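Overview (structure and organization)
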Amino acid sequence: VMGYLFRFLAAFETKGIDLSGFGILQFPSEIFSFRSIDEKLTLGLMINSLDLSSNALSLLPETFADLRALTDLSLADNALLRVPGAVCWLTQLTRLDLRGNFHLRRLPLELANLRVLREFHVTADRFLTPPPEILSKAKANDTMNGLLGVVEYMKLLVDARDSGILGLRRMGLRQFPPEVIAACCVYWEYGEVRGTFITGRGQLDALKEVHLENNKMQL
């Protein structure tokens with residue numbers, strides 16, 4: 001217990017907390033209880049590095065988004081059921097590690113909010129979305145390719161929600177991405193082949209055009 005508490009106290013000097021390997025089931029709310037000596041800031045508003053790896057976290061509270069000074073976050077080797085929405089609002093993050101969360105199946109579009117992210121790790125073997133051709137770059141642990149292959153892909157989808165036009169040219173795709181199939185009444189173009197499909201509503205329900213030239217799909 002004392003070793004656990006000491007890590008919180010030391011964080012006022014180091015600006016980082018290592019809570020890995022404690023078997024934590026719930027996010028430790030005490031991170032917002034400790035205050036600096038002048039009591040102007042809670043510890044949660046001061047830290048820029050947080051390691052919660054090798055615990056048993058399945059969910060994170062909305063208040064997690066209040067850790068807005070974080071630049072380095074590890075949630076590796078937990079039991080997350082989904083990528084917490086609060087993580088997607090930590091816009092100062094430059095490093096995010098989600099490896100070893102084997103229940104994850106999808107990455108949210110809101111991941112595109114992390115516009116200064118430079119290092120991203122995820123275990124993508126069981127993912128449904130994004131497509132495996134995109135996630136394979138992150139699996140290779142290639143920082144720049146992982147960034148371009150995942151976060152940049154999400155940015156394209158987010159921008160398409162406003163413009164109604166999605167360009168997925170030259171991405172090595174072998175099939176229509178599930179995120180696109182979930183759209184509504186989409187005109188698609190693949191080389192000289194064009195068509196329209198109508199499906200249920202989804203996150204991209206305003207999508208009208210998809211450009212898929214120079215991929216590897218067989219139609």
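Residues numbered from 1 in each chain as written. Predicted model: local features only at pLDDT ≥ 70, side-chain atom pairs only at ≥ 80, totals over all residues. Heavy atoms only, no water.

The next thing to look at is the sheet that holds strand E1 (residues 16-18). Strands sit in the order E1-E2-E3-E4-E5 across an open sheet of five strands; the sheet is parallel. Each edge of the sheet is formed by a strand with only one pairing partner; in this case those strands are E1 and strand E5 (119-121). Taken pair by pair, the neighbouring strands of this sheet meet at an average axis angle of 5 degrees, ignoring direction. Relative to E5, strand E4 (residues 95-97) runs parallel, the two sharing three bridges. Directly across from Leu96, in E5, lies its bridge partner Phe120. (Pairing = 2+ DSSP bridges. Helix = DSSP H or I, 4+ residues; strand = E, 2+ residues; numbered from the N terminus. Axes fitted to C-alpha atoms, helices over the stretch in contact; angles between N-to-C directions.)

With that settled, consider the nonpolar core. Most often, soluble globular proteins keep nonpolar side chains buried together rather than apart. Membership of the largest hydrophobic core comes to 58 residues, with the highest contact counts inside it found for Leu50, Phe64, Leu73, Leu96 and Leu111. Considering each element in turn, this core owes the most residues, seven residues, to helix H3 (residues 143-163). When neighbours within four sequence positions are excluded, Leu73 is seen to be in contact with Leu50, Phe64, Val87, Leu90, Leu93, Arg95, Leu96 and Asp97. (Core = buried A, V, L, I, M, F, W, Y, C linked by side-chain atoms within 4.5 Å. Buried < 20%, exposed > 50% of the residue type's maximum accessible area, 1.4 Å probe, protein only. Contact = heavy atoms within 4.5 Å.)

Now for the packing of aromatic side chains. Aromatic ring pairs are described here by two measures, namely the spacing of the ring centres and the angle between the planes. Counted according to the given criterion, the structure contains four aromatic pairs. Taken together, a centroid distance of 5.2 Å and an interplanar angle of 70 degrees make the contact between Tyr4 and Phe8 edge-to-face. Here the residue Tyr4 and the residue Phe8 both occupy positions in helix H1 (residues 2-14), the gap between them amounting to four residues, near one helical turn. Accessibility classification places Tyr4 together with Phe8 in one group, the buried group. Ring pairs connect the aromatic residues Tyr4, Phe8 and Phe22, which therefore count as one cluster. (Phe/Tyr/Trp six-rings, centres within 6.5 Å; stacked < 30°, edge-to-face > 60°.)

This part covers the side chain of Ser74. Note on placement: Ser74 falls in strand E3 (residues 72-74). According to the relative accessible area criterion, Ser74 is buried, its value standing at 8%. Non-local contacts of Ser74, meaning those with residues more than four positions away in its chain, are made with Leu50, Asp51, Leu52, Ser53, Arg95 and Asp97.

Atomic detail in the predicted coordinates should be set aside for any region of low pLDDT. Predicted confidence across the chain gives a mean pLDDT of 79, with 77% of residues reaching 70 or more. When the elements of the chain are averaged for pLDDT, strand E8 (residues 193-197) gives the smallest value, 46, and E3 the largest, 97. Under a pLDDT of 50 for its full length, residues 184-188 has, in the predicted model, 32 contacts with residues more than four places off or in other chains. Confidence drops under pLDDT 50 across residues 193-201; counting only partners more than four residues distant or on other chains, this segment forms 28 contacts. (pLDDT = per-residue confidence, 0-100.)

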